[in-house]
Amino acid sequence: MRAKAIDGREIDVKEDTLAGLKARLSGPLFPPGDAGYEESRTIWNGMIDRKPAAVARCRGIADVIACVQFARENALLLCIKGGGHNIAGLALADGALMLDLSLMRGVWVDPHGKVAHAQAGCLLSDVDRETQVHGLAAVLGFVSLTGIAGLTLGGGFGYLTRRFGWTSDNVVGMDVVTADGRLVRASSDENADLFWGLRGGGGNFGVVTGIDYVLHPVGPQVVGGIVAWPASEAPKVLELYRTLSEKAPPELTLVALMRPAPPAPWLPKDVHGKPIVALLACCSGRPEEGEQLVAPIKSFGHPIGDVLVRRPYAQMQALLDATQPKGRRYYWKSEYLPRIEPALCQKVIEHAAKIRSPHSAVILFQIGGALNRLDDGHSPVGNRDASYVLNVAGSWEKMDDDGANIEWAREAWNDMKSFSTGGTYINFLTEDEGPERIEAALGHGLARLAEVKARWDPQNVFCTNRNIKPA
Ligand SMILES: Cc1cc2nc3c(=O)[nH]c(=O)nc-3n(C[C@H](O)[C@H](O)[C@H](O)COP(=O)(O)OP(=O)(O)OC[C@H]3O[C@@H](n4cnc5c(N)ncnc54)[C@H](O)[C@@H]3O)c2cc1C
């Protein structure tokens with residue numbers, strides 16, 4: 001088997017050496033050409049087409065240890081796939097031994113201690129499904145098909161962030177297979193430096209096999225959904241967003257977006273493809289209060305669609321899934337914002353009008369609240385001055401359209417980045433964003449991250465990520 005060594009050299013791994021790995025695994029080992037190999041290397045962003053040397057679909061921690069040890073023994077490059085949702089395709093590396101964790105999707109909930117232990121191959125929906133049985137929820141993201149591992153290791157935000165902070169602020173422990181193939185616990189009591197690094201520093205320190213989340217009482221019913229108006233109403237709707245979100249209690253999270261109307265059943269057929277402005281809301285507190293809080297949205301102007309209603313929390317978590325199908329081509333540009341300024345709203349309208357694809361959007365996520373109350377040193381995710389996320393989200397079907405769509409996203413971002421805190425979200429960085437963007441994302445934490453890296457992965461075994469070099 002042709003493979004890549006950790007130092008970038010092409011190497012040959014003999015068949016009987018590979019057979020040795022196979023014998024040590026409980027899960028399957030897929031060579032190139034196998035259907036399982038193709039399935040594993042196909043990720044959410046259709047722009048990414050990389051070919052690992054082989055794929056080990058791990059069944060549990062013992063398989064992960066076997067792979068890490070094998071990679072070390074043979075100086076092989078490793079890559080790790082959680083949910084495969086990273087837009088830069090960090091789950092995939094050419095020539096690497098790929099660990100696909102998609103068989104590790106168990107969730108165990110302790111309803112009395114309000115903690116869930118989730119295996120690292122879980123998608124958000126796996127965790128929501130089990131925790132909602134007890135009327136509890138972890139702080140996760142907006143699209144239920146995203147992997148928990150990449151999301152949590154990069155920080156993570158969603159509908160509960162305003163109440164409880166970044167996803168990584170709500171983690172109490174992780175199980176990690178280190179570069180030397182040991183299983184260790186990372187928490188505030190054990191290996192605290194590793195625990196600190198894992199909450200924002202990504203997959204730099206080991207393979208995380210399980211994550212323990214603090215749970216919060218949420219649902220089962222919340223008030224949530226979306227209301228849309230024609231784009232001609234955008235100046236007024238975005239002003240409503242600006243003022244409402246500024247005074248919204250932490251239970252209410254508001255998202256504004258502009259895009260061509262998708263062919264969704266809740267929108268009349270004659271508006272499909274036409275530009276719209278929409279407000280997405282989720283009130284995770286009591287539904288009666290939620291209804292009052294969203295009343296100004298539901299009664300505003302003349303909406304063309306309104307599905308902002310009482311609904312199960314788990315359904316709310318999946319509301320955007322259909323807009324983000326696997327295999328389309330995606331390119332994003334993002335910034336954290338301290339506030340929404342009227343001048344920014346103008347720019348959002350201007351750049352939404354230039355969208356080149358029926359699937360692209362300009363989105364403003366509200367996140368300010370609990371995360372702002374911790375200090376930057378709490379964990380590397382930092383960015384404690386952020387209140388919103390601007391996401392210029394390009395999404396289209398054909399390779400021939402790459403140029404036009406990427407150009408649109410870059411232009412819009414260039415024109416709006418002056419509104420930024422100066423920080424950006426590590427998990428939203430695209431393939432072409434380099435060290436200066438990692439600096440913008442992880443800011444003050446980088447020097448300390450390099451020290452943690454030197455202690456836990458001095459040879460940089462875990463390098464197929466937003467890589468931090470050992471100090
Ligand atoms: C449609 C969509 C919606 C999104 N919405 C949100 C959102 O609402 N909130 C938010 O915060 N983010 C969101 N994201 C971003 C998301 O957090 C990242 O894409 C994240 O990387 C997804 O995690 P994953 O496990 O699927 O990543 P993967 O692509 O599988 O992996 C990403 C990186 O994490 C590393 N990694 C994965 N698993 C492990 C592990 N077990 N141990 C060590 N390293 C590991 C990989 O090596 C790789 O470097 C969204 C992304 C998409 C595509």
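First things first, this report covers the structure right here in the doc.

## Overview of the packing of helix α11 (residues 342–352) against helix α12 (residues 402–416)
At a minimum axis distance of 10 Å, the contact between α11 and α12 shows a crossing angle of 165 degrees. Taken as axis vectors, α11 and α12 run roughly antiparallel relative to one another. Of the two possible hands of crossing, α11 and α12 adopt the one that is right-handed. The segment α11 lies against α12, with L344, K347, V348, E350 and H351 engaging W408, E411, A412, D415 and M416. When its residues are assigned to classes, the contact of α11 with α12 shows five nonpolar, one polar and four charged.

## A closer look at the side chain of T464
By the secondary structure assignment, T464 is in the segment after α14 (446–456). Judged by its relative accessible area of 19%, T464 falls in the buried class. Separated by 2.9 Å, the side chain of T464 and the backbone oxygen of L78 make a polar contact. Not counting chain neighbours up to four residues away, the residues in contact with T464 comprise L77, L78, C79, L90 and A93.

## Considering α14
Taken as a whole, α14 has its buried residues at L449, A450, V452, K453 and W456. When α14 is viewed along its axis, its buried side chains cluster within an angular range of 160 degrees and face the same direction. Exposed side of α14, more than 90 degrees from the buried face: A447, E451 and R455 are the residues found there. Packed against the buried residues of α14 are β11 (183–186), α7 (192–198) and α13 (435–442).

## With respect to the site of the ligand
Among the 34 residues in the neighbourhood of the ligand, the closest are listed as G82, G84, F142, F157 and Y425. One of the backbone N or O atoms of G83 is found 2.9 Å from an oxygen atom in the ligand. Its free accessible area being 950 Å², the ligand has 97% of it covered by the protein chains. No other element matches helix α5 (residues 148–154), which puts four residues into the shell around the ligand. Considered class by class, the residues forming the shell around the ligand number 17 nonpolar, 16 polar and one charged.

## Considering the layout of surface pockets
Take a probe with the size of a water molecule and roll it over the atoms, and the empty space left behind shows itself. Each pocket or cavity is described by its volume, and for the second largest pocket that value is around 330 Å³. Together, 19 residues line the second largest pocket, and K81, G83, S102, L123 and K326 are the ones closest to its centre. For the lining of the second largest pocket, the residue count by class is four nonpolar, nine polar and six charged.

## Quick word on the nonpolar core
I148, F157, L198 and Y213 are the most contacted members of the largest nonpolar core, which totals 77 residues. Each residue touching I148, except ones within four places of it in the same chain, is listed here: A118, Q119, A120, C122, L123, L124, V127, L140, I211 and Y213. In terms of nonpolar packing, the next biggest core, distinct from the first, is built from 43 residues, A248, L252, C283 and A352 among them.

## What to know about the packing of aromatic side chains
Tallied over the entire structure, the rule returns 14 aromatic pairs. Here the aromatic rings of W332 and F428 are separated by 4.8 Å at their centres, their planes lie at 75 degrees, and the arrangement is edge-to-face. In this pair, W332 is assigned in strand β19 (residues 329–337) and F428 in the loop between α12 and α13, connecting sequence segments 96 residues apart. Taken as a pair, W332 and F428 share a single burial class, namely buried. Feature note: the residues W44, F142, F157, Y159, W166, Y330, W332, Y336, F365, Y425 and F428 constitute an aromatic cluster, connected by ring pairs. In this structure, R199 is placed above the aromatic ring of F195, and the distance from its NZ or CZ to the ring centre is 3.8 Å. The ring of W413 has K417 sitting right over it, with the charged end atom 4.2 Å from the ring centre.

## Focus: the pattern of salt bridges
Enumeration according to the criterion identifies 33 salt bridges in this entry. Linking R286 and E288 is a salt bridge whose minimum nitrogen-to-oxygen distance equals 3.1 Å. Overall, the relative accessible area of 49% leaves R286 in the partly exposed class. Across the pair E291 and R310 runs a salt bridge, and its minimum N-O distance is 2.8 Å. Separated by 19 residues along the polypeptide, E291 in helix α9 (residues 287–298) and R310 in strand β18 (residues 309–312) bring together distant segments of the chain. Shared partners join several salt bridges into a network, and the residues in it are R286, E288, E289, E291 and R310.

## Considering the sheet that holds strand β8 (residues 115–119)
Taken in spatial order, the five strands make up an open sheet running β7-β8-β12-β10-β11, and their pairing is antiparallel. In the strand order of this sheet, the two ends are held by β7 (107–110) and β11, each with one partner. Ignoring which end each strand starts from, the neighbouring axes of this sheet average 15 degrees apart. As paired strands, β7 and β8 are joined by four bridges and run antiparallel to one another. Across the sheet, residue D110 finds its bridge partner in β8, namely V115.

## Topic: the packing of helix α1 (residues 15–24) against helix α3 (residues 61–73)
The packing of two helices is summarised by the inter-axis angle and the distance between the axes. The interhelical angle for the contact between α1 and α3, taken along N-to-C directions, is 160 degrees, at an axis separation of 9 Å. It follows that α1 is roughly antiparallel to α3 by the angle criterion. As for the relative orientation of α1 and α3, their crossing is right-handed in sense. Contacts between α1 and α3 pair T17, L18, L21 and R24 from the former with D63, A66, C67, Q69, F70 and E73 from the latter. Residue composition of the contact of α1 with α3, by class: five nonpolar, two polar and three charged.

Cut-offs applied
- Residues numbered from 1 in each chain as written.
- Predicted model: local features only at pLDDT ≥ 70, side-chain atom pairs only at ≥ 80, totals over all residues.
- Heavy atoms only, no water.
- Axes fitted to C-alpha atoms, helices over the stretch in contact; angles between N-to-C directions.
- Helix = DSSP H or I, 4+ residues; strand = E, 2+ residues; numbered from the N terminus.
- Parallel < 35°, antiparallel > 145°, perpendicular 65-115°, else oblique.
- Left-handed = near helix turned anticlockwise from the far one by under 90°.
- Contact = heavy atoms within 4.5 Å.
- Nonpolar A, V, L, I, M, F, W, Y, C, P; charged D, E, K, R; others polar.
- Buried < 20%, exposed > 50% of the residue type's maximum accessible area, 1.4 Å probe, protein only.
- Polar contact = N/O pair within 3.5 Å; in protein donor to acceptor, adjacent residues only side chain to side chain.
- Arc of directions from axis to C-beta.
- Near = heavy atom within 4 Å.
- Areas by Shrake-Rupley, 256 points an atom, 1.4 Å probe, with all protein chains shown as cover.
- 1 Å grid on protein atoms, 1.4 Å probe; cavity = no way out; pocket = protein on both sides within 12 Å on 5 of 7 lines; lining within 4 Å.
- Points joined across faces, edges and corners; volume = space filled by probe spheres on them.
- Core = buried A, V, L, I, M, F, W, Y, C linked by side-chain atoms within 4.5 Å.
- Phe/Tyr/Trp six-rings, centres within 6.5 Å; stacked < 30°, edge-to-face > 60°.
- Lys NZ or Arg CZ within 6 Å of the ring centre and 35° of its normal.
- Salt bridge = Lys/Arg side-chain N within 4 Å of Asp/Glu carboxyl O.
- Pairing = 2+ DSSP bridges.

None of the figures reported here should be taken as evidence of function without further support.
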